[in-house]
Every structure is written in C-alpha cells, then in structure tokens.
6 protein chains.
Amino acid sequence: MPYVTVKMLSGRSDDQKRALVEKVTDAVVETTGASKEKVVVFIEEMEKSHYAVGGKRLSDE
Amino acid sequence: MPYVTVKMLSGRSDDQKRALVEKVTDAVVETTGASKEKVVVFIEEMEKSHYAVGGKRLSDE
Amino acid sequence: MPYVTVKMLSGRSDDQKRALVEKVTDAVVETTGASKEKVVVFIEEMEKSHYAVGGKRLSDE
Amino acid sequence: MPYVTVKMLSGRSDDQKRALVEKVTDAVVETTGASKEKVVVFIEEMEKSHYAVGGKRLSDE
Amino acid sequence: MPYVTVKMLSGRSDDQKRALVEKVTDAVVETTGASKEKVVVFIEEMEKSHYAVGGKRLSDE
Amino acid sequence: MPYVTVKMLSGRSDDQKRALVEKVTDAVVETTGASKEKVVVFIEEMEKSHYAVGGKRLSDE
C-alpha cells in the first residue's frame, strides 16, 4: 500500500518499464510517507485497437 | 473524461469493436454533456477460462 | 456480460445517470450482439481533488 | 453481484483456476447472503515484468 | 499477491465484511498455494443508483 | 495516456495529494517519453474496514 496501476499502450522496452516502476515508487514514497517496501506497482498494457478517444480508436487513425 | 471501460469475452470482430466505441461514445456525449473529444473508451477482453458465474467458468460448461 | 464502467466527475443529476445507463446499454447491445438483460453498467464518480491531467488536479485550477 | 476479481501471477493450472472460482464463490455466498447464481468471478493474470514491490519487478529479482 | 477485489452493493454489516475477507482469503490460499500473509482483499461498495442491469438501475426498480 | 491510478488509505492531506500527482506525473514522463499533458492520474481512497492483508482487515488490528 499504496497500489499503483499504470495503464499504457504496449511498446515500451523492458528498460523503460524497469525505470518506470522505480521512479514512480520513489515519487509515491517521497510524497505519501509510505514505506518503500509496501509500494506495489502494476503495469497494464493495451493495444491501439482497444483504446479510443473521441469515439475513434488509435488503430483507425 | 468520462472514461469508459467495456469488459467482454474475446471474439468480437474489429468492425464490431469500432462500432462499439463510436456508439458508446455518442451515448455518453448525449447524456452527460461531455465534449466528444474528451470521452475515452477502453476495451478489455477476457477468456472463458477466466470468467465464472455461479462458481462455474464458461470454459467448463 | 459485457460489463461497462463509466468513470466521471461527480455532479451529474439522477436523470442524467438514468439516461446514461440506458443509452450506453443500447449502444452495447446494438454493436456486440449481447442480450440486453446481460449488460451491466457501473457508474464511478470521482472528485476534482482526486483527478489530475498533466500533473495538475482539477481542484487546483 | 457481488463481482469478484482475482489478480495474480500467471502460471496456475486450469484445475487450480476451476477450484479457485468455486471456493471463492462459496465463500462469498456463505458470508454475504448473495444467491450463488449471481456471484461473478473474473481472473486477471499478470506477468512478472509488470509487477513490482518496493520499486523492483519480480522479473528483476 | 493474489489481490482480490469484491465489488458489491453497500449495506453489509461489519461482521459480514470481516467474515467475507477471512473466508475469501482462505479460499484463495487453499486453491492457489499462495501464502496467507500475501493475500490482499479490497472491498468496494456501490450504490443502487450507480448499478444497472439490462439498462435499468436498481434504484429505478 | 498513460493513465495512473493510485489506491491508498484515506487520510493524506490535500498538500500530499497535490505533490503526489505532480511527482508521479513527472516520473511517468521521464521514463516513458509520454507528453506531460497526456498523463492522467486518479486517486482512489479506501477505508481500513475495506482492506485486508492475510485475511485480517486493518480496522480489526
């Protein structure tokens, strides 16, 4: 606790994901006072055909 | 904003998904007064082996 | 099934929410072929102090 | 209703998942008084590279 | 891990919720082999005006 | 996009939440290359009676 979920398009590299969870965890610890070992981060990836803004999917642009 | 998530069994065609996000977006705009370009739709698909009603998975029926 | 979640700022009227779930359900039925009685809609409301775009909460604008 | 989501690392067998949704459904029925046929369970699997505790992903340990 | 979310209508007593998280946790441990102390359960309550089946909210029935 | 959800116990101050969304947004921008104005953060608060680890709610400890 806290539990952080980052939802984003697939395609980031493994190095980017590693850095992402490190930096986000640090940001949460610094601002909430939570213990670092209690911070959990989930990454969820989505495809362009499953994501739409303004009624239009990214895969249709 | 609003953010709409539609969770359903996998198997719909690409045309169905395209129509789904269009129509759902229109329904949200019409009833909430949100600007169309601010409406976001996510599609999440699930497998029959990961979905159960009454304690029984669809893949076990 | 399908399960639809609409996440939006609090403040819509009861009539708007009633219309929202009706129209969104119709849109899902029309485009996915699901039976109307199987479509589930959840509304989730959020406060302006719990929602940020570009690092700035709506309550801070 | 209720709707139960179980999020866990991928790797459980089909038999484990079948038992999981059965036993969880029974636990919900027994304690909430819900009708068994109304209890819905979703399983969501995640990869070790998408899950971090204390800023470190399981895939990096 | 696993992380379990139980979404249900508000109105259950504190005793029911206590029993719910105990029994659901036991069911998860028994069937997945997870360590008990690693199982996390979240309860999310919803109002009848925010939940619709077949396009009709429970608060409108 | 990305969409970040931070789920935590209620009780943080408004200043902590403001700092949280700022720092988390910066961490996401720095590591994923997303444009800052596209990063969305949601805060979700939970009560101790709705959160259990190892079958025991925080409100029962």
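The following paragraphs examine the structure supplied in this document. Remember, predicted model here, so these are calculated numbers, not experimental data.

By a simple turn and slide, chain A fits onto chain F: the slide is 0.0 Å along the axis, the RMSD is 0.0 Å, and the turn is 180 degrees. Considering both components of the superposition, the chain copies are consistent with a two-fold axis. By residue overlap, the copies meet face to face through one surface: 100% of the interface positions of chain A are interface positions in chain F.

Looking now at the sheet that holds strand β1 (residues 3-9) of chain E. Spatial ordering of the open sheet is given by β4(B)-β3(B)-β2(D)-β1(D)-β1(E)-β2(E)-β3(F)-β4(F), a layout of eight strands whose pairing is mixed. This sheet does not close on itself; its edge strands, each paired only once, are β4 (56-57) of chain B together with β4 (56-57) of chain F. Judged from the two bridges that link them, strand β3 (residues 51-53) of chain B and β4 of chain B form a sheet pairing that is antiparallel. Looking at β4 of chain B, one finds that Val53 of chain B is bridged to Lys56 of chain B. Packed on one face of the sheet, helix α1 (residues 14-32) of chain D meets β3 and β4 of chain B, β1 (3-9) and β2 (40-46) of chain D together with β1 of chain E and runs near 135 degrees to β2 of chain D. Sheet strands in contact with helix α1 (residues 14-32) of chain E are β1 of chain D, β1 and β2 (40-46) of chain E together with β3 (51-53) and β4 of chain F, and its direction is about 135 degrees off that of β2 of chain E.

One thing to see here is that chain B and chain E don't touch, and their nearest C-alpha atoms sit 12 Å from each other. Considering only C-alpha positions, the minimal separation of the non-contacting chain D and chain F is 12 Å.

This brings us to the nonpolar core. With 120 residues, the main nonpolar core has Tyr3 of chain A, Tyr3 of chain B, Tyr3 of chain C, Tyr3 of chain D, Tyr3 of chain E together with Tyr3 of chain F as its most contacted residues. Beyond its immediate stretch of four places on either side in the chain, Tyr3 of chain E contacts Tyr3, Val40 and Phe42 of chain A, Thr5, Val6, Lys7, Met46 and Tyr51 of chain D together with Val40 and Phe42 of chain E.

Another aspect to go through is the interface of chain A and chain F. In this complex, chain A contributes 23 residues to the contact, which on the side of chain F involves 23 residues. In total, about 2,000 Å² of surface goes out of reach between chain A and chain F, with carbon and sulfur atoms giving 65% of it. At the boundary of chain A with chain F, the tally comes to two salt bridges. Between Lys23 of chain F and Glu30 of chain A there is a salt bridge, with its nearest N and O atoms 3.5 Å apart. Our enumeration of links across chain A and chain F arrives at seven residue pairs in polar contact (both at pLDDT 80 or more). Secondary-structure elements contributing two or more residues to the side of chain A that touches chain F are β1 (3-9) and α1 (14-32) of chain A. Sort the elements by how many residues they give to the side of chain A that touches chain F and α1 of chain A lands first, with ten residues. Considered class by class, the residues forming the side of chain A that touches chain F number 15 nonpolar, four polar and four charged. As defined by bridge partners, β1 of chain A adjoins strand β1 (residues 3-9) of chain F across five bridges and the pair is classed as antiparallel. Counted as the bridge partner of Val4 of chain A is Val6 of chain F from β1 of chain F.

Basis of the calculations
Residues numbered from 1 in each chain as written. Chains lettered and ligands numbered in written order. Predicted model: local features only at pLDDT ≥ 70, side-chain atom pairs only at ≥ 80, totals over all residues. Heavy atoms only, no water. Least-squares fit on C-alpha atoms with pLDDT ≥ 70 in both. Contact = heavy atoms within 4.5 Å. Pairing = 2+ DSSP bridges. Helix = DSSP H or I, 4+ residues; strand = E, 2+ residues; numbered from the N terminus. Axes fitted to C-alpha atoms, helices over the stretch in contact; angles between N-to-C directions. Core = buried A, V, L, I, M, F, W, Y, C linked by side-chain atoms within 4.5 Å. Buried < 20%, exposed > 50% of the residue type's maximum accessible area, 1.4 Å probe, protein only. Buried area = accessible area lost by both parts, 1.4 Å probe. Salt bridge = Lys/Arg side-chain N within 4 Å of Asp/Glu carboxyl O. Polar contact = N/O pair within 3.5 Å; in protein donor to acceptor, adjacent residues only side chain to side chain. Nonpolar A, V, L, I, M, F, W, Y, C, P; charged D, E, K, R; others polar.

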